[in-house]
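Observations on chain architecture
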Amino acid sequence: MKTPQPQFTRFHNLDAIKEWTTQDANDIYQISRWGEGYFTVNDKGDLCINPTRKENGPLINIMEVVEEMKDKKIPFPTVIRFHDILRAQVTNLNKTFRETVEEARFTGTYYGVYPIKVNQMREVVEEIVDAGAPYNYGLEAGSKPELIAALAMNTNQNSLTVVNGYKDRDLLRLALLGIQLGRKVIVVIEKYTELIDLMALAQETGVEPLIGLRAKIATKSSGKWASSGGDYAKFGLTITEILQAVKYLKSIDKTHCLKLFHFHIGSQIPDIKTIKDSISEGARIYAKLYKEGAKLEFFDVGGGVGVNYDGTRSNSPSSTNYTTKEYVADVVYILKQVCDLEDVPHPNIVSESGRAITAHHSCVVTNVFGALEIGNETYNVDKVVSENILVTNMRELQTELTEKNYQDVFNDATKLKEESVAAFKFGILSLDERAKLETMYWKICKGIVDHASKDEYAPDEILLLKNQMASQYLCNFSIFQSAPDTWAIGQILPIVPLHKLNEKPTELCTLVDITCDSDGKIDTFLSADGPTNTMPLHKLNNGDDYYIGLFMTGAYQDIMGDNHNCFGRLNEVHVFCDDDDPTDFYIEEVIYGNKASHVLASLQYNPETLAQTMKANVDLQVKRGKIRPREGVDLTDFYEACLKSYTYLKK
Ligand SMILES: *Cc1c(COP(=O)(O)O)cnc(C)c1O
């Protein structure tokens, strides 16, 4: 069980909006604040993607993608990847670095790498490598399997492959294999002994390595990944060890192998000040090392560029107070200034941004299939002769409630409810009486919350009751699979209905998923004024489809998702923009998610054995005359069909 989420007494004030327009939807869901220009609402009230971010550019209506998926019988929930956003993010980062380097008259070149741990999916990595080819954009790997993939994916001899993370001999050997293929594979030393192992292997194989040194710099970030920096960080060499490494390489006459200086102070860095500090500190270390005879060529600032999940553009943990342009300018100008002061050459710049490249490109689309509402029961609470006094008292409280006494009534009603549970346990209260009492209690609470909502000075206790009583919308997905960071670290993700944005939403809701886990819910949302525990959604019309999207799930969420309750991976569609198509898009690829048999097989069940066993059991009941033969065949077929079908709820 994770730590409880903070409770807020802040709410979206829907009553204040009289004439609802799509602009209000944009404001309430903060679409242009987190969307970086890629998302917009059309006149029909549908959420659209604007992949070129140009005013009259092509627009992809996400609901049209949903409709096409329905035609193709692709069930929800589904991940939709917008490959054009991925490409645009790669191009944008590279262009910004190039332009800034030129403008600053910086003499080094930018050689960015994409850290594949952020989203290792082959199609994602392929798209990034392809979009980055004109800029010699490379890859970063942090483990053996990642390097195995990166070596095959990054065949560009002019781009870098940076290898981070702890390494064994095989991993080091793989890096040297890359060198033998003419690639620029740089092994970043995280731990001193890796250097000794690497040089021994180099001697054995006769392959000269390219070496990077990761420093534990003193600058620490704030936010959720603060422990990646500072003296107690898990990775990197202390200043003492770095000097020792340089000395060692000198002693074996291999200083020329030393190419790169690296630091990485954590992910989702919220505050630009931390970035400035880290560049200043890192640049000084680089310059001093250069003067010590380590003729480093690359200055690798790591990753950590944050994204605006909550739209606030602040230094809150789910946000950042800087743009890519400001980040790049700080890296280039601070590095230049320090190098010029220290009189050392400008190095090439490497950055390892992952989150900022991939977060926006994918979303999870799920259908809301129902709501849990409290206080809407229609139970007959009419007075009967000789009813229990507790029930009578609750009925009286109900008639007494006014805007003035709601706090008192709340205290009395809550006490009465507690007493009624005790009375029930003693056998004094009947089931019917308990049901009546609770029905009235929740009606009273609804009234109390309504009064409190209109009261400027409403007590926090009552406002928190409003959060607790909010409708829970049931969504066909698992947060453990699709949005693990909302559960694990309280990350806020933007959530928006994909349609009806021209209609005013009237319900304040929380979201619950289909796992059998009370943590399987989302109850922290963005708002213009800061986090809230409820979000505005439309009233569900019985039977009508209602689709919502969880956005910015492209970084880390896919791979960190788990199989809680055996739900497994989602269906995916990969969408590309095509300005010549009437819809402005086409679905390039459909990747089906897990069937029940896949997930079960990964847990050592043999699907065929399961089916055989069940068939034998059905046959036995047929033999005993408990099930008719025809029905037996149907039941066996049904079980097998379920094994072969998608794990999530069928609509
Ligand atoms: C995780 C990681 C990155 C990527 O960080 P983002 O915050 O996603 O940009 C880059 N470099 C290293 C060494 C990492 O461990």
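Residues numbered from 1 in each chain as written. Predicted model: local features only at pLDDT ≥ 70, side-chain atom pairs only at ≥ 80, totals over all residues. Heavy atoms only, no water.

1. So, the overall build of the protein
The following threshold applies: Helix numbering and strand numbering both begin at the N terminus, where a helix is a DSSP run of H or I of at least 4 residues and a strand a DSSP run of E of at least 2. When checking whether two residues touch, look at their non-hydrogen atoms; a contact exists if any pair is within 4.5 Å. Note that His is not counted, nor are the chain ends; the positive residues are Lys and Arg, and the negative ones are Asp and Glu. A charge is said to be at NZ when it belongs to Lys, at CZ for Arg, at CG for Asp and at CD for Glu.
The helix and strand inventory of the protein stands at 22 helices and 21 strands. When the backbone C-alpha atoms are referred to their principal axes, the protein occupies close to 100 × 70 × 55 Å. Here the contacts in the protein between residues at least 6 apart in sequence split such that 76% fall between residues at least 24 apart. Where the 70 positive side-chain charges of the protein centre and where its 90 negative ones centre are 4 Å apart.

2. Notes on the pattern of salt bridges
The line we're drawing: When a carboxyl oxygen of Asp or Glu lies within 4 Å of a side-chain nitrogen of Lys or Arg, that pair is called a salt bridge. Throughout this description, buried means an accessible area under 20% of the type-specific maximum (1.4 Å probe, protein chains only), exposed means over 50%, and partly exposed covers the range between.
Across all of its chains, the model carries 31 salt bridges by this definition. Taking the shortest distance from any N to any O, the salt bridge between Asp545 and Lys70 comes out at 2.7 Å. Of this pair, Asp545 sits in the loop between β18 (535-537) and β19 (547-550) while Lys70 sits in helix α3 (residues 62-71), placing them 475 residues apart in sequence. On the basis of relative accessibility, which here comes to 29%, the residue Lys70 falls in the partly exposed class. Across the pair Glu419 and Lys415 runs a salt bridge whose closest N-O atoms are separated by 2.9 Å. Separated by four residues within a single helix, Glu419 and Lys415 lie in helix α14 (residues 406-425), roughly one turn from each other.

3. Side note on the sheet that holds strand β2 (residues 47-49)
What counts, and what does not: Between any two strands, pairing holds if DSSP finds at least two bridges.
Read across the open sheet, the three strands follow the order β1-β2-β3; overall the sheet is antiparallel. The sheet is open, and its two edges are formed by β1 (39-41) and β3 (60-61), each paired on a single side. In this structure, β2 lies alongside β3, joined through two bridges in antiparallel fashion. Each bridged residue has a counterpart across the sheet, and for Cys48 the counterpart in β3 is Asn61.

4. So, the domain arrangement of the protein
Test applied: Each domain's limits were defined by an automated method or a database of domain assignments. Note on definitions: buried area is the accessible-area loss of two parts on being combined, 1.4 Å probe, summed for both.
Assigned domains of the protein: these are domain 1 (14-32 + 48-82 + 362-373 + 469-593), domain 2 (108-353), domain 3 (389-467) and domain 4 (597-643). Domain 1 and domain 3 are separated by 35 Å when their C-alpha centres are compared. Across the boundary between the two partners, domain 1 contributes five residues, which contact seven residues of domain 3. A combined buried area of about 480 Å² lies between domain 1 and domain 3, and 59% of that area is made up of carbon and sulfur atoms.

5. Considerations on the pairing of strand β9 (residues 210-214)
As a reminder of what qualifies: By convention, orient the strands away from the viewer: a clockwise path from the first strand over the helix to the second makes the crossover right-handed.
Here β9 lies mainly inside the structure; five of its five residues are buried. Alternating positions in β9 separate into two faces, Leu210, Gly212 and Arg214 on one and Ile211 and Leu213 on the other, with burial throughout. Pairing analysis gives four bridges linking strand β8 (residues 184-189) to β9, with the strands arranged parallel. If you follow Ile189 over to β9, its bridge partner there is Leu213. Traced from β8 through helix α8 (residues 192-205) to β9, the parallel crossover comes out right-handed. Pairing of β9 with strand β10 (residues 258-262) involves four bridges; the strand directions are parallel. Of the residues in β10, the one forming a bridge with Arg214 is His262.

6. Quick notes on the site of the ligand
Put simply, the test is: Being near a molecule or strand, for a residue, means having at least one of its heavy atoms within 4 Å of it. Throughout this description, a polar contact denotes any pair of N or O atoms lying within 3.5 Å of each other; where both atoms belong to protein, one of them has to be capable of donating a hydrogen while the other can accept it, and for residues adjacent in sequence the pair is counted only when both atoms sit in side chains. Values of accessible area rely on a 1.4 Å probe in the Shrake-Rupley scheme; residue burial ignores everything except the protein chains shown.
Taken together, the neighbourhood of the ligand is formed by 17 residues, with Lys117, Ser267, Glu352, Gly354 and Tyr556 sitting nearest. Between the ligand and the protein, one listed contact pairs a nitrogen atom with a side-chain N or O atom of Glu352 at 2.5 Å. Contact distances for the ligand include 2.8 Å between an oxygen atom and a backbone N or O atom of Gly354. Alone, the ligand offers 390 Å² of accessible surface; in the complex the protein occludes 92% of this.

7. Comments concerning the environment of Thr510
One can find Thr510 in strand β16 (residues 507-512). Of the residues examined, Thr510 reaches a relative accessible area of 9% and is grouped as buried. Here the alpha-carbon distance between Thr510 and Ile522, two residues twelve residues apart in the chain, equals 6.2 Å. For Thr510, the residues in contact, after removing those within four places along its chain, are Ser471, Gln472, Tyr473, Ile522, Asp523, Phe525, Asn533 and Thr534.

8. Some words on the sheet that holds β8
Just so we agree on the cut-off: Angles shown run from 0 to 180 degrees and are taken between the N-to-C directions of axes, each axis being a line fitted to C-alpha atoms and, for helices, limited to the stretch in contact.
Taken in spatial order, the eight strands of this open sheet run β5-β6-β7-β8-β9-β10-β11-β12, and their pairing is parallel. Taken across any chain shown, the strands that pair with only one partner, and hence form the sheet edges, are β5 (113-115) and β12 (348-350). Sheet twist, expressed as the mean angle between neighbouring strand axes with direction ignored, is 25 degrees.

9. Some points on helix α5 (residues 122-132)
Counting buried positions along α5 gives eight out of eleven residues, so the element sits mostly inside the fold. Within α5 the residues assigned to the buried category are Glu123, Val124, Val125, Glu127, Ile128, Val129, Ala131 and Gly132.

10. Comments concerning the side chain of Thr486
Following the sequence through the fold, Thr486 ends up in helix α18 (residues 484-488). At 2.7 Å, the side chain of Thr486 and the backbone oxygen of Ala483 are in polar contact.

11. Some details on the nonpolar core
Definition in use: Side-chain atoms within 4.5 Å link the members of a nonpolar core, which is a set of buried Ala, Val, Leu, Ile, Met, Phe, Trp, Tyr and Cys residues.
Counting 188 residues, the largest nonpolar core has Ile80, Tyr114, Ile211, Phe261 and Phe551 as its most contacted members. With sequence-adjacent residues up to four places away left out, Ile211 is seen in contact with Ile186, Val187, Ile189, Leu195, Leu198, Met199, Leu249, Cys257, Leu258, Lys259 and Leu260.

12. A short note on the environment of Leu649
Within the secondary structure, Leu649 is located in the segment after α22 (629-643). We classify Leu649 as partly exposed; its relative accessible area is 37%.

13. Digging into the packing of aromatic side chains
What counts here: Aromatic pairs are defined between Phe, Tyr and Trp rings, using the six-membered ring for Trp, whenever the two ring centres lie within 6.5 Å; interplanar angles under 30 degrees are classed as stacked, those over 60 as edge-to-face, and all others as tilted. Charge over a ring is defined by NZ of Lys or CZ of Arg lying within 6 Å of the ring centre and within 35 degrees of the ring normal.
In this structure the tally under the stated criterion is 17 aromatic pairs. An angle of 50 degrees between the planes, with centres 4.9 Å apart, marks the rings of Trp34 and Phe39 as tilted. You can call Trp34 buried: its relative accessible area is 0%. Across from the ring centre of Tyr290, 4.8 Å away, lies the NZ or CZ of Lys295, which sits over that ring. The cationic tip of Lys466 hangs over the ring face of Phe11; the distance from NZ or CZ to the ring centre is 4.3 Å.

14. Some words on the packing of helix α4 (residues 83-103) against α5
Put simply, the rule reads: Each angle receives one of four descriptions, namely roughly parallel if under 35 degrees, roughly antiparallel if over 145, roughly perpendicular if within 65 to 115, and oblique otherwise. With the far helix as reference, a near helix turned anticlockwise by less than a right angle produces a left-handed crossing, and one turned clockwise produces a right-handed crossing.
It is at 9 Å that the axes of α4 and α5 come closest, and there the two elements cross at 45 degrees. By the criterion of interaxial angle, the relationship of α4 to α5 is oblique. The two elements α4 and α5 meet at a crossing, and its hand is right-handed. Counted together, His83, Leu86, Arg87 and Val90 of α4 and Glu123, Val124, Glu127, Ile128, Asp130, Ala131 and Gly132 of α5 form the full contact between these two elements.

15. Comments concerning the side chain of Lys167
Tracing the sequence through the fold places Lys167 in the loop between β7 (160-163) and α7 (169-180). A distance of 2.5 Å separates a polar atom in the side chain of Lys167 from the backbone oxygen of Val188. Look past the residues within four positions of Lys167 in its chain and what remains in contact with it is Leu172, Val187, Val188, Glu190 and Glu194.

16. Regarding unusual backbone geometry
Between Phe76 and Pro77 the backbone carries a cis peptide bond, its omega angle lying at 0 degrees. Among the secondary structure elements, Pro77 is positioned in the loop between α3 and β4 (78-82). The backbone phi angle of Asp253 is positive, close to 65 degrees, even though this residue is not glycine. Among the secondary structure elements, Asp253 is positioned in the loop between α9 (239-251) and β10. In this structure Asp253 comes out as exposed when scored by relative accessible area, which is 59%. You will see that Asp584, though not glycine, has its phi angle at about 70 degrees, which is positive. Inspection of the secondary structure assignment puts Asp584 in the loop between β20 (571-577) and β21 (585-591).

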